[in-house]
Amino acid sequence: MKYRPASIVRLAVPSGTLSQRVVLATLILAAFGITLLGKAETVLFEKLRAGVVDFVAPIMSVVARPAATVADAIEGINELGRLRDENARLRAQNERLLHWQAAGLSLSQENDRLRQLMRFVPEPGVDHIGARVVGDSGGVFVRSIVVVAGARDGVAKGQAAMTGDGLIGRVVAVGNRSARILLITDLNSRIPVMFEGTRERAILAGDNTAMPRISFLRHTARVDSGDRVVTSGHGGMLPPGLPIGIVSNVAGEAIQVRPLAELDRLEFVRIVAYPEVTLGSASASAAGGTGH
């Protein structure tokens, strides 16, 4: 009689189920027996348990070392992630601080320039306007600046332009919101001046260089380097006594004056409306060139 494979499988399945049940019952009886043994023979059970622990402890130690290494590696990776996030946060914070530092330095420098401008105090009753320089028409033939202040602010043609150091020029063109100031170094600038010590009168003439020249000075006048040059008030263009510059070089009749104000670094100016200055006198005066 021959058995087919399907018949063998059907006979093997009940045999496997029976063996599993026998093993389960044996384990239950063993566990129950161990429990009873632990209650009856406490000392023997403790020794047995200690022996088992002594046997298993080295194995657990060996197994625990790779686990601890893996845990440390995972913690290291997590720490690197946290450090990367912290680094990104610190970089962003540093950029913000650098931005505020630059803004603070800019405001500090602007404050210093405004404080310097405030060193010039006009006489009581004299109107004056502070203005920011927004354009420089400097070139080969022109020495002038553009400021954000115009007719709506009270700026008029012929008014004096000052810094905290001294006179820099006069207003020659006025718009509603802006004005152009002809600097004392411009070729068309002519300012009546006098030497503060000797009271000798002359004309300060611009020549498109950094140091304008003295002209129309008496041949008998004595001028030395370091003499202070101020406005004379002649012709009603400007009031007397406004500081302009210092004599820097005397070579015969060629006398150069170094302006007190740094004309190439102007950012703020004060436009002063002196009562003596009128459009008619400024335009009619032979000492005042206003056109370009």
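Throughout this document, residue positions are counted from 1 along each chain, in the order its sequence is written. With pLDDT at 70 or above as the cut-off, local features in this predicted model cover only qualifying residues; side-chain atom pairs require 80 or more to be listed or tallied, and sums for whole chains, interfaces and linings still use all residues. The side-chain quantities take in all heavy atoms of the structure and omit both hydrogens and water.

Colleague: Please provide a residue-by-residue account of the overall build of the chain, values included.
Modeller: To qualify as a helix, a DSSP run of H or I must reach at least 4 residues; to qualify as a strand, a run of E must reach at least 2; elements of each kind are numbered from the N terminus. A count of helical and extended segments in the chain gives 3 helices and 12 strands. The buried label goes to any residue with under 20% of its type's maximum accessible area, the exposed label to any with over 50%, and the partly exposed label to all in between, with areas taken from a 1.4 Å probe on protein chains only. Counting only residues that meet the buried cut, the chain has 28% of its 292 residues in that class. Contacts are residue-level and defined by heavy atoms, with any inter-residue pair within 4.5 Å sufficient. Long-range pairs, those at least 24 residues apart, make up 57% of the contacts in the chain with a sequence separation of at least 6. Using a 1.4 Å probe, accessible areas were evaluated by the Shrake-Rupley method; residue-level cover was limited to the displayed protein chains. For the chain, the computed accessible surface area is about 18,700 Å², with 61% contributed by carbon and sulfur atoms.

Colleague: Lay out the pattern of salt bridges with the relevant residues and their values.
Modeller: A pair is scored as a salt bridge if a Lys or Arg side-chain nitrogen falls within 4 Å of a carboxyl oxygen belonging to Asp or Glu. Within this structure, the stated rule accounts for 9 salt bridges. In this structure, Arg82 engages Glu79 in a salt bridge whose closest nitrogen and oxygen atoms are separated by 2.4 Å. Of this pair, Arg82 and Glu79 both sit in helix α2 (residues 42–117), 3 residues apart, roughly one helical turn. Judged by its relative accessible area of 42%, Arg82 falls in the partly exposed class. We classify Glu79 as partly exposed; its relative accessible area is 34%. Asp224 serves as the salt-bridge partner of Arg222, at 3.5 Å between the closest nitrogen and oxygen. Linked through salt bridges whose partners overlap, the residues forming this network are Glu75, Glu79 and Arg82.

Colleague: Explain unusual backbone geometry residue by residue, including any values.
Modeller: Not every positive phi belongs to a glycine, and Arg199 is a case in point at roughly 65 degrees. As for its placement among the helices and strands, Arg199 is situated in the loop between β6 (190–195) and β7 (201–205). Backbone geometry places Phe216, a non-glycine residue, at a positive phi of 55 degrees. Here Phe216 lies in the loop between β8 (213–215) and β9 (228–231). On the basis of relative accessibility, which here comes to 73%, the residue Phe216 falls in the exposed class.

Colleague: Quick rundown of the confidence of the model for the chain? Include the residues and the values.
Modeller: Any region with low pLDDT has predicted coordinates that should not be read closely. Per-residue confidence for the chain gives a mean pLDDT of 78; residues scoring 70 or more make up 70%. Scored between 0 and 100, pLDDT is the confidence that the predictor attaches to each residue. Low pLDDT, under 50, characterises residues 278–292; the predicted model gives this stretch 29 contacts beyond four residues in sequence or across chains.

Colleague: Explain the side chain of Glu200 to me, and be specific about the residues and the numbers.
Modeller: Relative to the assigned elements, Glu200 resides in the loop between β6 and β7. A 3.5 Å cut-off defines polar contacts: any pair of N or O atoms within that distance qualifies, except that in protein one atom must be a possible hydrogen donor and the other a possible acceptor, and neighbouring residues in sequence count only when both atoms are side-chain atoms. A polar atom in the side chain of Glu200 sits 2.6 Å from the side chain of Arg218. Beyond its immediate sequence surroundings of up to four residues, Glu200 is in contact with Val193, Met194, Phe195, Leu217, Arg218 and Ala221.

Colleague: Requested: an account of the sheet that holds strand β5 (residues 179–183), with residues and values cited.
Modeller: Sheets are built from strands paired through backbone hydrogen bonds, the pairs being either parallel or antiparallel. We treat two strands as partners when DSSP finds at least two bridges between them. With antiparallel pairing, 6 strands are arranged side by side around a closed barrel as β1-β2-β5-β4-β3-β12. Across the sheet, the mean angle from the axis of one strand to that of its neighbour is 45 degrees, orientation sign disregarded. Sheet topology places strand β2 (residues 144–147) next to β5; 4 bridges connect them, and they run antiparallel. Its bridge partner lying in β5, Ser144 is registered against Leu182. Note on geometry: axes are lines fitted to C-alpha atoms, helical ones only across the stretch in contact, with angles between N-to-C directions running from 0 to 180 degrees.

Colleague: So, the pairing of strand β1 (residues 127–136): which residues are in play, and what are the values?
Modeller: For β1 and strand β12 (residues 268–273), the ladder comprises 6 bridges, and the chain directions are antiparallel. If you follow His128 over to β12, its bridge partner there is Val272.

Colleague: How would you sum up the environment of Leu260? Please name residues and give values.
Modeller: Note that Leu260 resides in the loop between β11 (254–259) and β12. Ignoring anything within four residues of it in the chain, the contact list for Leu260 reads Asp165, Arg228, Pro243, Ile244, Gly245 and Ile246.

Colleague: Kindly report on the pairing of β12, identifying the contributing residues and their values.
Modeller: With 5 of 6 residues buried, β12 is to be regarded as a mostly interior element. Where strand β3 (residues 160–162) lies against β12, 3 bridges are found, and the strand directions are antiparallel. The residue bridging Ala160 from the neighbouring strand is Val272, located in β12.

Colleague: Any details on the side chain of Asn208? Residues and values, ideally.
Modeller: Residue position: Asn208 is located in the loop between β7 and β8. Of the polar contacts made by the side chain of Asn208, one reaches the backbone nitrogen of Leu187; its length is 2.8 Å.

Colleague: Quick one: what's the story with the nonpolar core, residue by residue and with numbers?
Modeller: Here, the term nonpolar core denotes a set of buried Ala, Val, Leu, Ile, Met, Phe, Trp, Tyr and Cys residues that are joined through side-chain atoms within 4.5 Å. In terms of nonpolar packing, the biggest core is built from 42 residues, with Ile145, Val147, Ile168 and Ile214 touching the most fellow members. When residues no more than four places from it in sequence are discounted, the contact partners of Val147 are Ala131, Arg132, Val133, Val134, Arg177, Ser178, Ala179, Ile181, Val269 and Ile271.

Colleague: Tell me what's going on with the environment of Leu204, and back it up with residues and numbers.
Modeller: Along the chain, Leu204 falls in strand β7. Taking the C-alpha atoms as reference, Leu204 lies 9.0 Å from Met194; in sequence the two are 10 residues apart. Excluding residues that lie within four positions of it along the chain, Leu204 makes contacts with Ser189, Arg190, Ile191, Val193, Pro212, Arg213, Ile214, Ile244 and Val257.

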